[in-house]
Amino acid sequence: MEFSTFLWTTLGAFLTLATFSFLYKDNPFYKIAEHLVVGVSAGYFVIILWHNGLVPNLFERLADGDWYLLWLNSSKPWYLVPALLGALMWTRFSQNYSWVSRWPLGMYIGIATGVAIPLEMANRVNRQLYATMIAIKWDNFWGMGFLDSAAGFSQIIIFAGVIAGLFYFFFSKAHTGIFGGIARFGIWILMIGFGASFGFTVMARVSLFINRIQDLRDWGAASFNTSNPHYSGWFFIVFLLLVFSLAAYAVVEVARFTKRRAA
Amino acid sequence: MNIFERMMSLDRRWVFLFVALVCVATYIVPFEIPVRVDDEVRSIFEFIDTLRPGQIVFVAIDYDPNALAELHPMTYAIMEHCFRKNLKVIVTALSQNGPGMAEQAIRDIADSVRLDREYGGVKYTGREIVRGEDYTFLGYKPYYALVILGMGQDFRIPFPTDYYGVTLDSIPMMRGVHNYAQVAVVVDLSAGNITDAWIAYGQGRFGFPLALGLTGVMGADYYPYLNSGQVFGIMAGLYGAAQYEQLADNPGRAKDGMRVQVYAHLVIILFIIMGNVGYFMSRRKRAGAAR
């Protein structure tokens, strides 16, 4: 690992610790990390959009035209239409002409809606409805693995759960008697669903922490490997500087805390 | 203040500290825990494992660095599996910061595939992964729904060039490859709404086999699509990635993290029990005092 690589990876390790410092309380190190992430992401996105979007999909398609003829003589002049619509979005910055930006927005929303409605309806509503109403194969019901078979026990749970869940969200009738019992079963089904989501979410959050531990381990192993031909004392000095900056802030915080407590 | 009230008023930072200590401690001590493989992960592995050399796998790397922890291990396991099986891979990154994720993954996987390795008792000779022959990285384009629909007509509509500016017609593995009809399977590794678009606008419109790799947070929401047959496999969270690594006999960061997951969950369950016991006991005490 060269010194320049060490600096970047050390910055990454420092930002990891700075981000976790938020778990104690908001602080300047966390703010630096937070603003850096937002800034770098925005900058990266702009460059990606330029090189992956505008250059190949617009400029290169108009490249055989002449700028002084506004590319109208290119072989694909119709690409000027989306370019013009895109440019009109910038009128948002003018108080007098911001209304013009509604044209490209209207066109985009119109196309997106036209594309979305039939496909969303077919694939996220109808297909799910069909899946709820799959015929139960009773011969499979008592077979091996009926508990996890879509054609067996779980299909009954899905069907009953959907109906009971809908009962729970029907508020035009008091949830009493048989109706109330079914609605109660519905809320239990919902709670089981939320519980599964919560369990997955805990796993996701722990995964993020594990990844950081793994990265810090890799950083430590690579940075302080003395057999590295580029290794020098500067590696350790930079590391100490970062540790001291964090330690100094921790001391200041402890002093503040003690002062507050004494007061 | 009795012990139950103390439980209720425990500063959350003690919980964070305790969980962190348990995670670090279990990570430092190397031991392996068994990983049970679910059918929904096995179906993805078996689908890819039974493809013929030269067939194309479409891998959509639709996540940003914030989901790297869970989805990168899936990307590594699946793509290395593909390259070892001599499959061709088309990669897209329809998330804003996805191209960086994809480039990093391709670079690291290429390094790994260079080495001779043995997976599941089968010896694989190391080889060089060649851009344009073994894989094509198409890159990023905005408005993922329209990009997914456009690729159904021709990859060249949204992507006249690959990520590196090479026209698709001049890329050897893209000759004769126009749309999803030439692709054996689409694997979407996603951390957001792009998955919905792959289901509705991709699989729903063009009918290709679709498998999902999801963050843990999303996992439970997408199981209904497995039941409806719209997707044939789901890997959810780090556990899903660990299962794929187990099947591919290629242990990576996901399997490495499983022991931490187990103990972190135990600690969290312990705190949940403590919180509930404290809540009910202090409620009983209040009720007793009111009487």
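Throughout what follows, the structure given in this document is the object of discussion. Everything numeric here is computed off the predicted structure, so don't read it as measured data.

Definitions and limits used
- Residues numbered from 1 in each chain as written.
- Chains lettered and ligands numbered in written order.
- Predicted model: local features only at pLDDT ≥ 70, side-chain atom pairs only at ≥ 80, totals over all residues.
- Helix = DSSP H or I, 4+ residues; strand = E, 2+ residues; numbered from the N terminus.
- Contact = placed C-beta atoms within 7 Å.
- Rg over C-alpha atoms; globule rule 2.2 N^0.38 Å.
- Buried ≥ 20, exposed ≤ 12 C-beta atoms within 10 Å, placed from the backbone.
- Core = buried A, V, L, I, M, F, W, Y, C linked by C-beta atoms within 7 Å.
- Expected span 1.5 Å × (residues − 1).
- Arc of directions from axis to C-beta.
- Pairing = 2+ DSSP bridges.
- Axes fitted to C-alpha atoms, helices over the stretch in contact; angles between N-to-C directions.
- Nonpolar A, V, L, I, M, F, W, Y, C, P; charged D, E, K, R; others polar.
- Parallel < 35°, antiparallel > 145°, perpendicular 65-115°, else oblique.
- Left-handed = near helix turned anticlockwise from the far one by under 90°.
- Right-handed = clockwise from strand over helix to strand, strands pointing away.

The helix and strand tally for chain B stands at 10 helices and 8 strands. Once the C-alpha set of chain B is aligned to its principal axes, its extents read approximately 80 × 40 × 30 Å. Long-range contacts, defined here as pairs at least 24 residues apart, represent 73% of the contacts in chain B between residues at least 6 apart.

This brings us to the overall build of chain A. Within chain A, the regular secondary structure consists of 8 helices and 0 strands. When the helices and strands of chain A are listed from N to C terminus, the series reads α-α-α-α-α-α-α-α. Expected size for 263 residues packed as a compact globule is a radius of gyration near 18 Å; at 30 Å, chain A overshoots this value by more than 25%. Along the three orthogonal principal directions, the C-alpha set of chain A runs to about 75 × 70 × 50 Å. For chain A, the proportion of its 263 residues judged to be buried stands at 10%. Excluding contacts between residues fewer than 6 apart, the proportion of contacts in chain A whose partners are at least 24 apart in sequence is 31%.

Our focus in this paragraph is unusual backbone geometry. Residues and elements named next belong to chain B. The phi dihedral of Asn86 falls on the positive side, at around 60°, and the residue is not glycine. Structurally, Asn86 can be placed in the loop between helix 4 (68-84) and strand 2 (88-92). Classification of Asn86 as partly exposed rests on a count of 14 C-beta atoms within 10 Å. Phi angles above zero are rare outside glycine, and Asp249 is one such case at about 55°. Residue Asp249 is classed as partly exposed on the basis of its C-beta count, with 13 C-beta atoms lying within 10 Å.

A word on the nonpolar core. Residues and elements named next belong to chain B. Core analysis: the largest hydrophobic core is formed by 92 residues, its most contacted members being Val57, Val59, Ile61, Val91, Val187 and Tyr244. Of all the elements, helix 4 adds the most residues to this core, at 10 residues. Setting aside residues up to four positions removed in sequence, Val91 forms contacts with Val59, Ile61, Ala102, Ile106, Tyr135, Phe137 and Leu138.

Another point: helix 1 (residues 3-20) of chain A. For the α-helix, the turn length of 3.6 residues means that residues three or four positions removed from each other point alike. Residue and element names in this part refer to chain A. With 18 residues, helix 1 should reach 26 Å at 1.5 Å per residue; the first-to-last C-alpha distance of 26 Å fits that figure. Buried within helix 1 we find Phe6, Phe14 and Ala18. Angular distribution of buried residues about the axis of helix 1 spans 110°; they occupy a single face of the element. Away from its buried face, by an angle of more than 90 degrees, helix 1 presents the exposed residues Thr5 and Trp8.

All names here are of chain B. Across the sheet, 6 strands lie side by side as 5-2-1-6-7-8; this open sheet has parallel pairing. Each edge of the open sheet carries a strand with a single partner, namely strand 5 (135-139) and strand 8 (233-236). Strand-to-strand, the axes of this sheet are offset by a mean angle of 15°, without reference to chain direction. With 4 bridges joining them, strand 7 (residues 210-214) and strand 8 adopt parallel strand pairing. What sits directly across from Gly213, in strand 8, is Met235. Sheet strands touched by helix 8 (residues 216-227): strand 7 and strand 8. Its angle to strand 8, the strand with the most contacts, is close to 165°.

Time to look at the interface of chain A and chain B. Across the contact, 40 residues belong to chain A and 46 residues belong to chain B. By residue number, the principal contributor to the side of chain A that touches chain B is helix 7 (residues 177-223) of chain A, which donates 16 residues. Grouping the constituent residues of the side of chain A that touches chain B by class yields 24 nonpolar, 12 polar and 4 charged.

Attention now goes to helix 4 of chain B. Residues and elements named next belong to chain B. With 17 residues, helix 4 should cover 24 Å at 1.5 Å per step; its first-to-last C-alpha distance of 23 Å lies within 8% of that length. The element helix 4 is extensively covered by neighbouring structure, given that 17 of its 17 residues are classed as buried. Positive backbone phi, at 60°, marks Asn86, one or two positions downstream of helix 4.

Once that is clear, we can look at the packing of helix 7 of chain A against helix 10 (residues 253-290) of chain B. Two elements in contact, helix 7 of chain A and helix 10 of chain B, have axes separated by 9 Å at closest approach and are oriented at 125°. By the angle between their directions, the pair helix 7 of chain A and helix 10 of chain B is classed as oblique. Crossing of helix 7 of chain A over helix 10 of chain B shows right-handed handedness. Listed contacts from helix 10 of chain B to A:Val202, A:Met203, A:Val206, A:Ser207, A:Ile210 and A:Gln214 of helix 7 of chain A are B:Arg253, B:Asp256, B:Gly257, B:Val260, B:Gln261, B:Ala264, B:His265 and B:Ile268.

Quick look at the environment of A:Gln95 now. Residues and elements named next belong to chain A. Along the chain, Gln95 turns up in the loop between helix 3 (80-88) and helix 4 (102-132). Gln95 gets classed as exposed once you count the C-beta atoms within 10 Å, which come to 6. It is 55 Å that separates the C-alpha atoms of Gln95 and Phe159, two residues lying 64 residues apart in sequence.

Right, let's get into the environment of A:Trp50. Looking at the element boundaries, A:Trp50 is found in helix 2 (residues 28-59). For the pair A:Trp50 and A:Leu119, spaced 69 residues apart in sequence, the C-alpha separation works out to 30 Å.

Residues and elements named next belong to chain A. Between helix 3 and helix 4, whose axes approach to 7 Å, the crossing angle comes to 120°. Looking at the two axes, helix 3 sits oblique to helix 4. The way helix 3 lies across helix 4 gives a crossing that is left-handed. For the pair helix 3 and helix 4, the contacting residues are Leu85, Gly86 and Leu88 in the first and Trp103, Pro104 and Met107 in the second.

Before going further, it helps to examine the pairing of strand 1 (residues 56-62) of chain B. Residue and element names in this part refer to chain B. Extensive coverage of strand 1 is indicated by the burial of 7 of its 7 residues. Residues Ile56, Phe58, Ala60 and Asp62 of strand 1 are buried on one face, and the alternating residues Val57, Val59 and Ile61, pointing to the opposite face, are buried as well. Examined bridge by bridge, strand 1 and strand 2 share 5 bridges and lie parallel to one another. The partner of Val57 across the bridge, within strand 2, is Val89. Considered for its hand, the β-α-β crossover made up of strand 1, helix 4 and strand 2 is right-handed. Of the pairings in the sheet, the one linking strand 1 to strand 6 (residues 185-190) comprises 6 bridges and is parallel in character. Residue pairing for strand 6: Ala60 is matched across the bridge by Asp188.

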